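What follows is the residue order along each chain.
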Number of protein chains: 2
Amino acid sequence: MNDVAREAGVSLKTVSRAVNGVPTLDPALAERVFAAIRTLGYRRNELAATLRSTASTATIGLIIGDMRNSFYSSVAAGTYEIAREHGTHLITASAEEQVELEQELALALCQRRVDGLLIFPAVGDQSYLQPEMDLGTSVVFLDRPGTGVSADSVRLDNVAAAHTLASMVLEEGHRRVGLLLDTLEVLTIRERLDGVRAAFEEAGMTLDDRLISTTAHDPEAATKATVAMLDLDDPPTAFIGKNNRAIIGIVDALVTRGARARVVGFDDFEMSRFLPRPVTLASFDVVELGRRGATRLFDRIAGSAGEPTTERLPFTIVQRGSYR
Amino acid sequence: MNDVAREAGVSLKTVSRAVNGVPTLDPALAERVFAAIRTLGYRRNELAATLRSTASTATIGLIIGDMRNSFYSSVAAGTYEIAREHGTHLITASAEEQVELEQELALALCQRRVDGLLIFPAVGDQSYLQPEMDLGTSVVFLDRPGTGVSADSVRLDNVAAAHTLASMVLEEGHRRVGLLLDTLEVLTIRERLDGVRAAFEEAGMTLDDRLISTTAHDPEAATKATVAMLDLDDPPTAFIGKNNRAIIGIVDALVTRGARARVVGFDDFEMSRFLPRPVTLASFDVVELGRRGATRLFDRIAGSAGEPTTERLPFTIVQRGSYR
DNA sequence: AACAGGTCGGACAACGTTATCTCAGCTCTG
DNA sequence: CAGAGCTGAGATAACGTTGTCCGACCTGTT
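About the cut-offs
Residues numbered from 1 in each chain as written. Chains lettered and ligands numbered in written order. Predicted model: local features only at pLDDT ≥ 70, side-chain atom pairs only at ≥ 80, totals over all residues. Heavy atoms only, no water. Pairing = 2+ DSSP bridges. Helix = DSSP H or I, 4+ residues; strand = E, 2+ residues; numbered from the N terminus. Contact = heavy atoms within 4.5 Å. Buried area = accessible area lost by both parts, 1.4 Å probe. Salt bridge = Lys/Arg side-chain N within 4 Å of Asp/Glu carboxyl O. Polar contact = N/O pair within 3.5 Å; in protein donor to acceptor, adjacent residues only side chain to side chain. Near = heavy atom within 4 Å. Nonpolar A, V, L, I, M, F, W, Y, C, P; charged D, E, K, R; others polar. Axes fitted to C-alpha atoms, helices over the stretch in contact; angles between N-to-C directions. 1 Å grid on protein atoms, 1.4 Å probe; cavity = no way out; pocket = protein on both sides within 12 Å on 5 of 7 lines; lining within 4 Å. Points joined across faces, edges and corners; volume = space filled by probe spheres on them.

Caption draft 1: Here's a closer look at the sheet that holds strand β10 (residues 279–284) of chain A. Residue and element names in this part refer to chain A. Pairing within the open sheet is mixed, and its six strands lie in the order β7-β6-β8-β9-β10-β12. The two strands at the open ends of the sheet, each matched to only one other strand, are β7 (212–213) and β12 (315–320). When strand β6 (residues 177–180) meets strand β8 (residues 238–241), the two strands line up parallel, connected through four bridges. Within β8, the residue paired with L180 across the bridge is G241.

Take a look at the structure:
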């Protein structure tokens, strides 16, 4: 910057003014500065600039589960889209659903002075964020609310989606319905179970505990649990899968066994049309989840006050599979 | 930091020393500092720290095409993995294959003083990076080499994979082979075409231009191009798809037409086993592409000298589809 | 022609941290 | 017991930029 000032024959401050586009600066002088900048290939050090000025770092952090999972990478895409519109950089980190790692990453990002954080909170306690929020870092939780701290969240309408899927299955006359879920520690799963349970109660029925698996973490586990249910004396005639991976596991089991059963579940995915069995899916626009979260975050960063809000994304029902 | 020094009854510099773990510091004094830090909830400003010190910002940038594409998000996952091992943050940006956008993003990241950049170079000129590289920013290109600038790259062995796939199809007796490719402006596509052409020449055959589509950018376009080839008087009995999306388009066309044809192509994907037709795929470990690129980048950041290198990832042949 | 008002440029300090230098005080050695 | 050598802590400057303030210059008005 000193070199630029010397080259242009002006003071340091004038270079700063030119770079920052101060309107009261003589255009001719500004042009001389820009010429010098071009000649010398000067590039402003953003870090130093944000140190002195009160301006933000124009960076937000995103803490997700696993980038390989299309659910998270879709959210990242939506988040990036909005961040880009705000001229903001996106630092993405993966906490693998471990709250200690999440805390380490979130605090590291705060030390980097990110303007805000978007977090998929892991099972555990997020109260470690309180001091940072008091110091002015905005936080928005995605998919689930944080624990021990009050902040905005953008979530999926799990209860309604589960209720709709279950009602559909019951109306079709199914009475034995297998649920392929994950651990009930996760709120999202509990909500989906609650929605199903409500639909059952409305139909004057109760859920059979033997038809509820809470171990369908991946396709293989879902297959195993499905097979176990098919082996019961009174096997299910319908299955509800907690997400795309569970659906794959269920269909895998059915195809292997040559069994026929109604399959419904959550989350649409690119290849769903190729599934060898018809499925009905409650689909959420996951990219939109990222967009909404980021939009809310930038609202807060811009100074929007008020109580924390919870936004719920709607779902759509789609028919997939049985592609020949 | 001043507050911490006051609270602990030491000088500013001693706080700095404690925070940075300077070994010559009296442990009792350090403990007093840490106690003060806990009391006050002090957190170091990393931006200010990197300003004065010669240390790096512990941040790298990744410029990809589109986060929604699992190819890119897999690379991001591999990159993140290695970055994490190096205690480094990852800023991801999407240039959507536009070189102007790529330049803007890359230079913005340089102004953020990233230690290095991993770039999927768009078709165009990357010489804008030269000044930054001269100033010490390391650059590694992924998937394709940059133009107008000399830097490391990590790439896929496209020619060999294409050669293997094409030889396989020819050995099976196919003589009419349809190629579903994208624009030949992209080096990767040219390499895949070159591999196929070499296999044909070895078999004493030449490619029929009418069986080469350079418009199969997405599944729908691939379907359209496949259908057009199937309508020829002498339609192909085999198809080679340039990537997973082309494969989906080809299979879609075959299923819709009720046609039988051999299908081979590039890139494995999670759902490939559900494809309703058997396919043979040349699969690259894309996560590994991200890992290798990041590893090379950190080597350079650590000061590894020497001429730019080109690394090529091997492929494996996998059988997929025809799932019942 | 003189003065008021406005505009633009430059000196200086500051952002939060670390590097360098210096010095006090201790220990060890001869 | 004196002096050399070392250790640990503080004072000061510096990183690259921007905010504040003041002064110089210019313009327009009377």
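Caption draft 2: A look at the interface of chain A and chain B. With 52 residues of chain A at the interface, the matching set in chain B holds 53 residues. When chain A packs against chain B, the two sides together hide about 5,000 Å² of surface, and 54% of this comes from carbon and sulfur. Taken together, the links from chain A to chain B amount to eight salt bridges. Between R43 of chain B and E132 of chain A there is a salt bridge, with the nearest N and O atoms lying 2.1 Å from each other. Joining chain A to chain B, the criterion identifies 22 residue pairs in polar contact (both at pLDDT 80 or more). Within the residue set of the side of chain A that touches chain B, elements represented by two or more residues are α4 (46–52), α5 (70–85), β2 (89–94), α6 (99–111), α11 (244–257) and α12 (286–301) of chain A. A total of seven residues in the side of chain A that touches chain B trace back to one element, the largest contributor, which is α6 of chain A.

Caption draft 3: Here's a closer look at the protein's contact with DNA strand D. Lining the immediate environment of DNA strand D, one finds 24 residues, of which S16 and R44 of chain A together with T14, R17 and L29 of chain B sit closest. Here the atoms of DNA strand D within 4 Å of the protein split so that 64% fall in sugar or phosphate, with bases taking the remainder. Contacts to DNA strand D include R44 of chain A, whose side-chain N or O atom sits 2.5 Å from a phosphate oxygen. T24 of chain B is positioned with one of its backbone polar atoms (N or O) 2.9 Å from a sugar or linking oxygen of DNA strand D. The leading source of residues in the surface near DNA strand D is α4 of chain A, at four residues. Counted by class, the surface near DNA strand D contains nine nonpolar, seven polar and eight charged residues.

Caption draft 4: Representation of the sheet that holds strand β8 (residues 238–241) of chain B in the model. Residue and element names in this part refer to chain B. One open sheet holds the six strands; their spatial order is β7-β6-β8-β9-β10-β12, and the pairing between them is mixed. Looking at which strands have only one partner, the edges of the open sheet turn out to be β7 (212–213) and β12 (315–321). As paired elements, strand β6 (residues 177–180) and β7 share two bridges and run parallel to each other. Bridge pairing in β7 places L180 opposite S213. Contacts between helix α11 (residues 244–257) and the sheet are confined to β6, β8, β9 (262–266) and β10 (278–284), with β9 contributing the most and set at about 165° to the helix.

Caption draft 5: Region of the structure containing empty space enclosed by the protein. On inspection of all chains with the given rule, the structure shows two cavities of 30 Å³ or more. Quantified by volume, the largest cavity comes out at close to 170 Å³. Contributing to the lining of the largest cavity are L47, T57, T59, I91, R112 and V114 of chain A together with L47, T50, T57, T59, I91 and R112 of chain B. Looking at the lining of the largest cavity residue by residue, the classes come out as five nonpolar, five polar and two charged. Computed from the structure, the second largest cavity encloses a volume of approximately 110 Å³. Around the second largest cavity, the lining residues are I64, M67, S73, A76 and T92 of chain A together with I64, M67, S73, A76, L90 and T92 of chain B. Classifying every residue of the lining of the second largest cavity by side-chain character gives seven nonpolar, four polar and no charged.

By themselves, these observations are geometric and do not establish any function.
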